[in-house]
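Architecture and fold: a report
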Amino acid sequence: MSFFQNSENIVWSAPKKWLLRFFFVFFILLIVPLSPGYFQHIFTTNWFNSNFYDWFLLTTYVPEFFGVQGFANWGIAAGVAAIVGTVWFTVVKDKDTRDDDIYYWLRVILRYRLAIGVIAFGLIKLFPLQMPYPSLSNLHTNYGDFLPWKIYFHTLAISQPYEVFLGAVEVIAGLLLLKRSFAIVGAGIIVGFTGNVFASNLAYDIGHPEYSLLLTLIAAAIALYDAPRLFSLLILQKKAIANRYQPVFEGKLPAIRKGLQISVVVFIGILTVSVSSNYRNHPYKLPQTPGLKDSYGYYNVREFKLNNEVIPYSVTDLNRWQNVVFEKWATISIKTAKPIIIDNSTGDDYQEKDIDRNYESAGVGGRRYFAYETDPDNQVISLTNKNPNHRTETFTLKYDFLNDSTIVLQGVNEQKDSVYVVLDKIERKYMLYEGRRKPVKL
(Lines give C-alpha, C1' and ligand atoms only; values in the text may rest on other atoms or scores of the structure.)
Protein backbone atom coordinates (compact mmCIF):
# COMPACT_ATOMS: atom_id res chain seq x y z
CA MET A 1 0.00 0.00 0.00
CA SER A 2 1.29 3.48 -0.91
CA PHE A 3 2.63 5.70 1.88
CA PHE A 4 0.43 8.54 0.63
CA GLN A 5 -2.89 6.90 1.36
CA ASN A 6 -6.10 7.82 3.07
CA SER A 7 -5.02 7.99 6.74
CA GLU A 8 -7.71 5.71 8.09
CA ASN A 9 -6.61 2.95 5.68
CA ILE A 10 -2.87 3.16 6.28
CA VAL A 11 -1.17 0.30 8.01
CA TRP A 12 1.72 2.11 9.67
CA SER A 13 4.53 -0.36 9.11
CA ALA A 14 8.01 0.45 10.37
CA PRO A 15 9.28 1.85 7.00
CA LYS A 16 6.21 4.10 6.69
CA LYS A 17 6.62 5.35 10.25
CA TRP A 18 10.20 6.33 9.47
CA LEU A 19 9.22 7.97 6.16
CA LEU A 20 6.49 9.95 7.89
CA ARG A 21 8.95 11.34 10.40
CA PHE A 22 11.58 11.99 7.74
CA PHE A 23 9.21 14.00 5.53
CA PHE A 24 7.75 15.83 8.51
CA VAL A 25 11.18 17.12 9.56
CA PHE A 26 12.31 17.67 5.95
CA PHE A 27 9.35 19.89 5.04
CA ILE A 28 9.42 21.74 8.36
CA LEU A 29 13.05 22.68 7.79
CA LEU A 30 12.27 23.94 4.28
CA ILE A 31 9.12 25.95 5.00
CA VAL A 32 9.29 27.15 8.61
CA PRO A 33 11.42 30.34 8.78
CA LEU A 34 14.70 29.70 10.56
CA SER A 35 17.04 32.14 8.80
CA PRO A 36 18.03 35.25 10.82
CA GLY A 37 17.46 37.51 7.82
CA TYR A 38 13.77 36.64 7.79
CA PHE A 39 13.28 37.75 11.37
CA GLN A 40 15.45 40.80 10.82
CA HIS A 41 13.00 41.85 8.11
CA ILE A 42 10.08 41.34 10.48
CA PHE A 43 11.53 43.29 13.39
CA THR A 44 13.11 46.15 11.40
CA THR A 45 10.10 46.92 9.19
CA ASN A 46 7.71 49.68 10.23
CA TRP A 47 4.50 47.75 9.56
CA PHE A 48 2.37 50.86 10.08
CA ASN A 49 4.17 52.50 7.16
CA SER A 50 4.94 49.46 5.04
CA ASN A 51 4.53 48.80 1.34
CA PHE A 52 3.10 45.72 -0.32
CA TYR A 53 6.58 44.26 -0.92
CA ASP A 54 7.25 44.09 2.82
CA TRP A 55 4.22 41.80 3.14
CA PHE A 56 5.02 39.93 -0.06
CA LEU A 57 8.52 39.02 1.17
CA LEU A 58 6.98 37.20 4.12
CA THR A 59 5.51 34.66 1.67
CA THR A 60 8.70 33.90 -0.27
CA TYR A 61 10.88 32.38 2.45
CA VAL A 62 13.52 29.89 1.36
CA PRO A 63 16.06 28.53 3.84
CA GLU A 64 19.72 29.49 3.87
CA PHE A 65 21.45 27.13 6.28
CA PHE A 66 24.95 28.31 7.24
CA GLY A 67 24.79 30.91 4.47
CA VAL A 68 24.30 28.26 1.79
CA GLN A 69 21.91 29.10 -1.07
CA GLY A 70 19.97 27.08 -3.63
CA PHE A 71 19.34 23.36 -3.72
CA ALA A 72 22.24 22.66 -1.34
CA ASN A 73 19.82 23.58 1.45
CA TRP A 74 17.63 20.67 0.39
CA GLY A 75 20.56 18.32 0.92
CA ILE A 76 21.20 19.77 4.37
CA ALA A 77 17.50 19.47 5.25
CA ALA A 78 17.40 15.87 4.02
CA GLY A 79 20.48 14.97 6.07
CA VAL A 80 19.07 16.52 9.24
CA ALA A 81 15.66 14.92 8.57
CA ALA A 82 17.26 11.50 8.19
CA ILE A 83 19.06 11.85 11.54
CA VAL A 84 16.15 13.38 13.45
CA GLY A 85 13.65 11.02 11.85
CA THR A 86 15.75 8.02 12.86
CA VAL A 87 16.14 9.27 16.44
CA TRP A 88 12.43 10.04 16.63
CA PHE A 89 11.59 6.57 15.32
CA THR A 90 14.05 4.54 17.39
CA VAL A 91 14.62 6.49 20.63
CA VAL A 92 11.31 8.21 21.35
CA LYS A 93 9.03 5.45 22.59
CA ASP A 94 5.70 7.25 22.88
CA LYS A 95 3.02 4.59 22.85
CA ASP A 96 0.34 7.25 22.51
CA THR A 97 1.81 8.80 19.38
CA ARG A 98 -0.77 8.59 16.59
CA ASP A 99 0.79 8.49 13.17
CA ASP A 100 -2.50 9.55 11.57
CA ASP A 101 -2.37 12.75 13.59
CA ILE A 102 1.24 13.46 12.61
CA TYR A 103 0.32 12.95 8.97
CA TYR A 104 -2.73 15.18 9.34
CA TRP A 105 -0.76 18.07 10.85
CA LEU A 106 1.92 17.75 8.21
CA ARG A 107 -0.71 18.19 5.50
CA VAL A 108 -2.23 21.17 7.34
CA ILE A 109 1.14 22.91 7.51
CA LEU A 110 1.84 22.17 3.85
CA ARG A 111 -1.61 23.36 2.74
CA TYR A 112 -1.35 26.73 4.44
CA ARG A 113 2.27 27.32 3.40
CA LEU A 114 1.46 26.49 -0.20
CA ALA A 115 -1.72 28.57 -0.19
CA ILE A 116 0.04 31.70 1.05
CA GLY A 117 2.90 31.24 -1.42
CA VAL A 118 0.80 30.81 -4.56
CA ILE A 119 -1.77 33.45 -3.58
CA ALA A 120 1.02 36.01 -3.14
CA PHE A 121 2.47 35.34 -6.59
CA GLY A 122 -1.04 35.13 -8.02
CA LEU A 123 -1.87 38.60 -6.73
CA ILE A 124 1.10 40.26 -8.45
CA LYS A 125 -0.14 38.75 -11.71
CA LEU A 126 -3.82 39.42 -11.04
CA PHE A 127 -2.77 43.05 -10.64
CA PRO A 128 -0.11 43.03 -13.39
CA LEU A 129 2.97 43.96 -11.39
CA GLN A 130 5.28 41.01 -11.88
CA MET A 131 5.50 41.46 -15.65
CA PRO A 132 4.91 45.11 -16.65
CA TYR A 133 4.11 45.95 -20.26
CA PRO A 134 7.31 46.48 -22.29
CA SER A 135 8.55 50.04 -22.19
CA LEU A 136 8.95 52.09 -25.39
CA SER A 137 12.71 51.62 -25.07
CA ASN A 138 12.22 47.86 -24.98
CA LEU A 139 10.22 48.06 -28.20
CA HIS A 140 13.24 49.74 -29.82
CA THR A 141 15.69 47.09 -28.60
CA ASN A 142 16.86 44.33 -30.92
CA TYR A 143 15.44 40.91 -30.04
CA GLY A 144 18.93 39.49 -29.70
CA ASP A 145 19.88 42.12 -27.13
CA PHE A 146 17.53 40.64 -24.51
CA LEU A 147 18.49 37.94 -22.06
CA PRO A 148 16.14 34.91 -22.28
CA TRP A 149 14.28 35.72 -19.04
CA LYS A 150 13.42 39.21 -20.33
CA ILE A 151 11.99 37.76 -23.54
CA TYR A 152 9.82 35.41 -21.48
CA PHE A 153 8.57 38.22 -19.26
CA HIS A 154 7.79 40.43 -22.26
CA THR A 155 6.00 37.56 -23.98
CA LEU A 156 3.58 37.28 -21.06
CA ALA A 157 3.42 41.02 -20.40
CA ILE A 158 2.22 42.00 -23.90
CA SER A 159 -1.04 40.17 -23.14
CA GLN A 160 -1.99 41.49 -19.74
CA PRO A 161 -5.42 39.78 -19.76
CA TYR A 162 -3.55 36.48 -19.97
CA GLU A 163 -1.26 37.53 -17.13
CA VAL A 164 -4.35 38.40 -15.10
CA PHE A 165 -5.83 34.99 -15.94
CA LEU A 166 -2.68 33.24 -14.72
CA GLY A 167 -2.86 35.21 -11.50
CA ALA A 168 -6.51 34.28 -11.02
CA VAL A 169 -5.65 30.59 -11.45
CA GLU A 170 -3.02 30.82 -8.71
CA VAL A 171 -5.27 32.77 -6.34
CA ILE A 172 -8.21 30.40 -6.81
CA ALA A 173 -6.02 27.33 -6.38
CA GLY A 174 -4.54 28.83 -3.23
CA LEU A 175 -7.97 29.58 -1.78
CA LEU A 176 -9.08 26.01 -2.50
CA LEU A 177 -6.18 24.79 -0.38
CA LEU A 178 -7.57 26.59 2.65
CA LYS A 179 -10.54 24.22 2.64
CA ARG A 180 -9.49 20.65 3.42
CA SER A 181 -12.20 19.05 1.28
CA PHE A 182 -11.03 21.03 -1.80
CA ALA A 183 -7.31 20.66 -1.18
CA ILE A 184 -6.88 17.93 -3.79
CA VAL A 185 -8.30 20.23 -6.48
CA GLY A 186 -6.10 23.18 -5.52
CA ALA A 187 -3.00 21.01 -5.19
CA GLY A 188 -3.65 19.34 -8.54
CA ILE A 189 -3.88 22.71 -10.26
CA ILE A 190 -0.71 23.93 -8.61
CA VAL A 191 1.32 20.83 -9.53
CA GLY A 192 0.76 21.63 -13.20
CA PHE A 193 1.07 25.38 -12.79
CA THR A 194 4.19 25.67 -10.66
CA GLY A 195 5.72 22.68 -12.41
CA ASN A 196 5.54 24.71 -15.61
CA VAL A 197 6.96 27.73 -13.77
CA PHE A 198 9.89 25.59 -12.62
CA ALA A 199 10.53 24.42 -16.20
CA SER A 200 10.34 28.04 -17.41
CA ASN A 201 12.81 29.14 -14.74
CA LEU A 202 15.30 26.61 -16.05
CA ALA A 203 14.62 27.09 -19.76
CA TYR A 204 14.71 30.90 -19.70
CA ASP A 205 17.35 31.19 -16.97
CA ILE A 206 15.05 33.27 -14.79
CA GLY A 207 16.81 32.17 -11.61
CA HIS A 208 15.79 30.78 -8.21
CA PRO A 209 14.21 27.56 -9.55
CA GLU A 210 14.36 25.98 -6.08
CA TYR A 211 11.37 28.00 -4.84
CA SER A 212 9.06 27.02 -7.69
CA LEU A 213 10.18 23.40 -7.36
CA LEU A 214 9.54 23.52 -3.60
CA LEU A 215 5.96 24.71 -4.20
CA THR A 216 5.53 21.96 -6.80
CA LEU A 217 6.86 19.34 -4.37
CA ILE A 218 4.52 20.54 -1.61
CA ALA A 219 1.55 20.46 -3.99
CA ALA A 220 2.48 16.94 -5.08
CA ALA A 221 2.71 15.78 -1.45
CA ILE A 222 -0.77 17.14 -0.78
CA ALA A 223 -2.26 15.73 -3.98
CA LEU A 224 -0.76 12.28 -3.47
CA TYR A 225 -2.81 11.87 -0.30
CA ASP A 226 -5.98 11.46 -2.40
CA ALA A 227 -4.31 10.20 -5.57
CA PRO A 228 -4.84 6.46 -4.96
CA ARG A 229 -8.56 6.98 -4.31
CA LEU A 230 -8.94 9.16 -7.41
CA PHE A 231 -7.02 6.64 -9.49
CA SER A 232 -9.31 3.88 -8.31
CA LEU A 233 -12.44 5.92 -9.00
CA LEU A 234 -11.54 7.61 -12.30
CA ILE A 235 -9.15 5.15 -13.95
CA LEU A 236 -10.03 1.74 -12.56
CA GLN A 237 -13.70 2.79 -12.17
CA LYS A 238 -13.96 1.07 -8.82
CA LYS A 239 -15.68 2.23 -5.68
CA ALA A 240 -13.57 4.57 -3.58
CA ILE A 241 -14.14 5.20 0.10
CA ALA A 242 -14.32 8.86 1.07
CA ASN A 243 -11.92 10.23 3.65
CA ARG A 244 -13.69 10.16 7.01
CA TYR A 245 -10.70 11.00 9.18
CA GLN A 246 -11.63 13.64 11.77
CA PRO A 247 -8.91 15.09 14.00
CA VAL A 248 -9.73 15.59 17.66
CA PHE A 249 -9.17 19.13 18.98
CA GLU A 250 -8.93 19.37 22.75
CA GLY A 251 -7.97 21.99 25.33
CA LYS A 252 -6.81 25.29 23.86
CA LEU A 253 -6.21 23.76 20.43
CA PRO A 254 -9.59 24.80 18.93
CA ALA A 255 -9.01 28.43 19.90
CA ILE A 256 -5.43 28.36 18.56
CA ARG A 257 -6.65 26.77 15.35
CA LYS A 258 -9.36 29.39 14.88
CA GLY A 259 -6.89 32.20 15.65
CA LEU A 260 -4.44 30.92 13.04
CA GLN A 261 -7.20 30.62 10.44
CA ILE A 262 -8.31 34.20 11.08
CA SER A 263 -4.68 35.39 10.93
CA VAL A 264 -4.19 33.79 7.52
CA VAL A 265 -7.38 35.37 6.16
CA VAL A 266 -6.40 38.79 7.55
CA PHE A 267 -2.89 38.46 6.09
CA ILE A 268 -4.25 37.59 2.65
CA GLY A 269 -6.65 40.53 2.90
CA ILE A 270 -3.85 42.98 3.78
CA LEU A 271 -1.66 41.65 0.99
CA THR A 272 -4.50 41.95 -1.53
CA VAL A 273 -5.27 45.55 -0.59
CA SER A 274 -1.60 46.59 -0.61
CA VAL A 275 -0.90 44.92 -3.98
CA SER A 276 -3.97 46.57 -5.49
CA SER A 277 -2.89 49.95 -4.11
CA ASN A 278 0.61 49.63 -5.55
CA TYR A 279 -0.77 48.72 -8.97
CA ARG A 280 -3.13 51.72 -9.01
CA ASN A 281 -0.65 54.27 -7.72
CA HIS A 282 2.88 53.44 -8.88
CA PRO A 283 3.83 49.90 -10.01
CA TYR A 284 6.93 49.02 -8.07
CA LYS A 285 9.07 47.87 -10.99
CA LEU A 286 8.79 51.15 -12.91
CA PRO A 287 10.00 54.63 -11.90
CA GLN A 288 7.31 56.77 -10.31
CA THR A 289 8.62 60.24 -11.21
CA PRO A 290 6.82 61.65 -14.28
CA GLY A 291 8.99 62.28 -17.31
CA LEU A 292 9.82 65.64 -18.89
CA LYS A 293 6.57 67.18 -20.10
CA ASP A 294 5.75 66.57 -23.80
CA SER A 295 8.95 64.57 -24.32
CA TYR A 296 7.58 61.01 -24.52
CA GLY A 297 8.55 59.31 -27.78
CA TYR A 298 11.21 57.90 -30.06
CA TYR A 299 13.79 60.33 -31.50
CA ASN A 300 16.28 60.17 -34.30
CA VAL A 301 19.61 61.87 -33.55
CA ARG A 302 19.86 64.28 -36.46
CA GLU A 303 23.05 65.97 -35.26
CA PHE A 304 25.67 64.98 -32.71
CA LYS A 305 28.77 66.89 -31.58
CA LEU A 306 31.39 65.77 -29.10
CA ASN A 307 33.82 68.49 -27.97
CA ASN A 308 32.43 70.66 -30.80
CA GLU A 309 33.37 68.05 -33.40
CA VAL A 310 30.51 66.85 -35.61
CA ILE A 311 30.27 63.06 -35.70
CA PRO A 312 28.15 61.83 -38.61
CA TYR A 313 25.64 59.03 -38.12
CA SER A 314 27.43 55.74 -37.46
CA VAL A 315 26.48 52.34 -36.06
CA THR A 316 30.10 51.65 -35.10
CA ASP A 317 31.30 54.88 -33.49
CA LEU A 318 31.40 54.31 -29.72
CA ASN A 319 30.43 57.87 -28.79
CA ARG A 320 27.83 58.71 -31.41
CA TRP A 321 24.21 58.56 -30.27
CA GLN A 322 22.02 56.76 -32.82
CA ASN A 323 18.55 57.26 -31.37
CA VAL A 324 16.95 58.24 -28.08
CA VAL A 325 13.74 57.28 -26.27
CA PHE A 326 12.03 59.44 -23.65
CA GLU A 327 9.73 57.32 -21.48
CA LYS A 328 6.53 58.52 -19.79
CA TRP A 329 8.48 58.34 -16.54
CA ALA A 330 11.89 59.83 -15.78
CA THR A 331 13.99 57.49 -17.93
CA ILE A 332 15.89 58.14 -21.15
CA SER A 333 17.45 55.36 -23.17
CA ILE A 334 20.20 55.97 -25.72
CA LYS A 335 21.31 53.64 -28.49
CA THR A 336 25.07 53.64 -29.02
CA ALA A 337 27.73 51.17 -30.13
CA LYS A 338 29.57 51.43 -26.82
CA PRO A 339 29.89 47.99 -25.15
CA ILE A 340 27.59 47.32 -22.19
CA ILE A 341 28.17 45.12 -19.17
CA ILE A 342 24.64 43.76 -18.85
CA ASP A 343 22.78 44.05 -15.57
CA ASN A 344 22.10 40.38 -14.80
CA SER A 345 19.52 41.06 -12.10
CA THR A 346 15.80 40.67 -12.77
CA GLY A 347 14.72 43.95 -11.18
CA ASP A 348 12.29 42.15 -8.86
CA ASP A 349 13.14 43.93 -5.63
CA TYR A 350 11.17 46.88 -4.35
CA GLN A 351 13.22 50.09 -4.45
CA GLU A 352 12.23 53.52 -3.18
CA LYS A 353 14.50 55.49 -5.52
CA ASP A 354 13.86 55.58 -9.27
CA ILE A 355 17.57 55.16 -10.00
CA ASP A 356 17.40 51.73 -8.37
CA ARG A 357 14.21 50.60 -10.12
CA ASN A 358 16.05 48.75 -12.83
CA TYR A 359 13.50 46.33 -14.26
CA GLU A 360 13.33 48.20 -17.59
CA SER A 361 17.11 48.08 -18.05
CA ALA A 362 17.90 44.70 -16.45
CA GLY A 363 18.68 41.89 -18.85
CA VAL A 364 19.03 44.30 -21.78
CA GLY A 365 21.97 45.13 -24.05
CA GLY A 366 22.19 47.54 -26.96
CA ARG A 367 20.70 50.54 -25.14
CA ARG A 368 21.94 52.60 -22.22
CA TYR A 369 19.26 53.55 -19.69
CA PHE A 370 19.48 56.77 -17.68
CA ALA A 371 17.38 57.98 -14.79
CA TYR A 372 17.12 61.75 -14.77
CA GLU A 373 16.20 64.74 -12.69
CA THR A 374 15.04 68.05 -14.15
CA ASP A 375 15.50 71.65 -13.16
CA PRO A 376 12.57 73.34 -14.96
CA ASP A 377 13.65 76.85 -13.98
CA ASN A 378 17.03 76.52 -15.68
CA GLN A 379 15.86 73.91 -18.23
CA VAL A 380 18.57 71.48 -17.14
CA ILE A 381 18.32 67.71 -17.11
CA SER A 382 20.77 65.51 -15.18
CA LEU A 383 21.21 61.91 -16.38
CA THR A 384 22.68 58.98 -14.43
CA ASN A 385 23.12 55.50 -15.92
CA LYS A 386 20.75 53.05 -14.20
CA ASN A 387 23.02 50.06 -14.85
CA PRO A 388 25.01 49.33 -11.63
CA ASN A 389 27.98 48.44 -13.84
CA HIS A 390 27.98 51.90 -15.46
CA ARG A 391 26.63 54.09 -12.65
CA THR A 392 29.48 56.60 -13.09
CA GLU A 393 28.25 57.53 -16.57
CA THR A 394 26.41 60.84 -16.30
CA PHE A 395 25.31 63.84 -18.39
CA THR A 396 24.30 67.34 -17.35
CA LEU A 397 22.40 68.85 -20.26
CA LYS A 398 20.43 71.98 -20.97
CA TYR A 399 17.29 71.18 -22.96
CA ASP A 400 15.38 73.34 -25.41
CA PHE A 401 12.16 72.45 -27.25
CA LEU A 402 12.51 74.12 -30.65
CA ASN A 403 9.03 72.89 -31.56
CA ASP A 404 6.73 69.99 -30.68
CA SER A 405 9.01 67.47 -32.42
CA THR A 406 12.57 68.78 -32.00
CA ILE A 407 14.65 68.88 -28.82
CA VAL A 408 18.18 70.26 -28.49
CA LEU A 409 20.40 68.97 -25.69
CA GLN A 410 23.77 70.50 -24.86
CA GLY A 411 26.07 70.15 -21.89
CA VAL A 412 28.80 67.86 -20.58
CA ASN A 413 29.32 64.21 -19.66
CA GLU A 414 31.08 62.81 -16.59
CA GLN A 415 34.48 63.40 -18.27
CA LYS A 416 33.60 67.06 -18.91
CA ASP A 417 33.43 66.47 -22.66
CA SER A 418 30.98 68.84 -24.29
CA VAL A 419 27.95 67.25 -25.94
CA TYR A 420 25.51 68.77 -28.43
CA VAL A 421 22.54 66.76 -29.71
CA VAL A 422 19.60 67.57 -31.97
CA LEU A 423 16.68 65.13 -31.63
CA ASP A 424 13.79 64.74 -34.09
CA LYS A 425 10.72 62.87 -32.87
CA ILE A 426 9.65 60.03 -35.17
CA GLU A 427 5.92 59.37 -35.20
CA ARG A 428 5.24 55.71 -35.85
CA LYS A 429 2.71 53.00 -35.17
CA TYR A 430 3.48 49.91 -33.11
CA MET A 431 1.88 46.62 -33.98
CA LEU A 432 1.59 45.69 -30.30
CA TYR A 433 -0.64 48.71 -29.81
CA GLU A 434 -2.57 48.43 -33.07
CA GLY A 435 -3.41 44.70 -32.96
CA ARG A 436 -4.59 42.73 -35.98
CA ARG A 437 -8.36 43.13 -35.82
CA LYS A 438 -8.42 46.39 -37.72
CA PRO A 439 -6.61 47.59 -40.87
CA VAL A 440 -3.21 49.09 -40.17
CA LYS A 441 -1.27 51.28 -42.58
CA LEU A 442 2.41 51.83 -41.83
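Let me sum up the structure you'll find in this document. Computed from a predicted model, the values in this text were never measured in an experiment.

**Observations concerning a positive patch on the surface**
The grouping of K179, R180, R257 and K258 at the surface amounts to a positive patch. With respect to the element layout, K258 can be found in helix α11 (residues 253-281).

**Description of empty space enclosed by the protein**
Tallied over the full model, the rule gives three cavities of 30 Å³ or more. Looking at the largest cavity, its volume works out to about 70 Å³. For the largest cavity, the full set of lining residues is I340, S361, V364, R367, R368, Y369, N385, N387 and H390. If one sorts the elements of the lining of the largest cavity by residue count, strand β5 (residues 367-375) sits on top with three residues. In terms of residue class, the lining of the largest cavity is built from three nonpolar, four polar and two charged.

**Here we look at the layout of surface pockets**
By volume, the second largest pocket is sized at about 940 Å³. Taken together, 32 residues line the second largest pocket, and the ones lying closest to its centre are Y112, R113, I116, L260 and V264. Those elements giving two or more residues to the lining of the second largest pocket turn out to be α2 (36-44), α5 (99-126) and α11. Here the residues of the lining of the second largest pocket are counted per class, giving 22 nonpolar, five polar and five charged.

**Re a nonpolar patch on the surface**
Residues V80, I83, V84, V87, V91 and V92 make up a contiguous nonpolar surface patch of about 480 Å² in total accessible area. Tracing the backbone shows V92 in the loop between α4 (72-90) and α5.

**Observations regarding the pairing of strand β4 (residues 331-335)**
Among the five residues in β4, five count as buried, and that is most of the element. Covered by surrounding structure in β4 are T331, S333 and K335 together with I332 and I334, the residues of both alternating faces. Between strand β3 (residues 323-326) and β4, which pair antiparallel in sequence order, lie four residues. Looking at chain direction, β4 and β5 are connected through five bridges and run antiparallel. Its bridge partner being in β5, I334 is matched across the sheet by R368.

**Re helix α7 (residues 148-157)**
Side chains that are three or four residues apart share a direction in an α-helix, a result of its 3.6 residues per turn. Counting buried residues along α7, eight of its 10 residues qualify, which places the element largely inside the surrounding structure. Considered for burial, the residues of α7 that qualify are W149, K150, I151, Y152, F153, H154, L156 and A157. Among the structural elements, α6 (136-139), α8 (160-177) and α9 (183-203) are those in contact with the buried residues of α7.

**Notes on the packing of α9 against helix α10 (residues 209-235)**
Relative to each other, α9 and α10 sit at 145°, their axes nearing to 7 Å. Along this stretch, α9 crosses α10, giving a crossing that reads as left-handed. Contacts between α9 and α10 involve A183, I184, A187, I190, V191, T194, G195, V197, F198, N201 and L202 from the former and P209, S212, L213, L215, T216, A219, A220, I222, A223, D226 and L230 from the latter. The residue makeup of the contact of α9 with α10, split by class, is 16 nonpolar, five polar and one charged.

The rules behind these values
Residues numbered from 1 in each chain as written. Predicted model: local features only at pLDDT ≥ 70, side-chain atom pairs only at ≥ 80, totals over all residues. Heavy atoms only, no water. Patch = residues over 30% accessible without salt bridge, like charges linked within 9 Å, V, L, I, M, F, W, Y side chains within 5 Å. Areas by Shrake-Rupley, 256 points an atom, 1.4 Å probe, with all protein chains shown as cover. Salt bridge = Lys/Arg side-chain N within 4 Å of Asp/Glu carboxyl O. Lys, Arg positive; Asp, Glu negative; His and termini not counted. Charge placed at Lys NZ, Arg CZ, Asp CG, Glu CD. Helix = DSSP H or I, 4+ residues; strand = E, 2+ residues; numbered from the N terminus. 1 Å grid on protein atoms, 1.4 Å probe; cavity = no way out; pocket = protein on both sides within 12 Å on 5 of 7 lines; lining within 4 Å. Points joined across faces, edges and corners; volume = space filled by probe spheres on them. Nonpolar A, V, L, I, M, F, W, Y, C, P; charged D, E, K, R; others polar. Buried < 20%, exposed > 50% of the residue type's maximum accessible area, 1.4 Å probe, protein only. Pairing = 2+ DSSP bridges. Contact = heavy atoms within 4.5 Å. Axes fitted to C-alpha atoms, helices over the stretch in contact; angles between N-to-C directions. Left-handed = near helix turned anticlockwise from the far one by under 90°.

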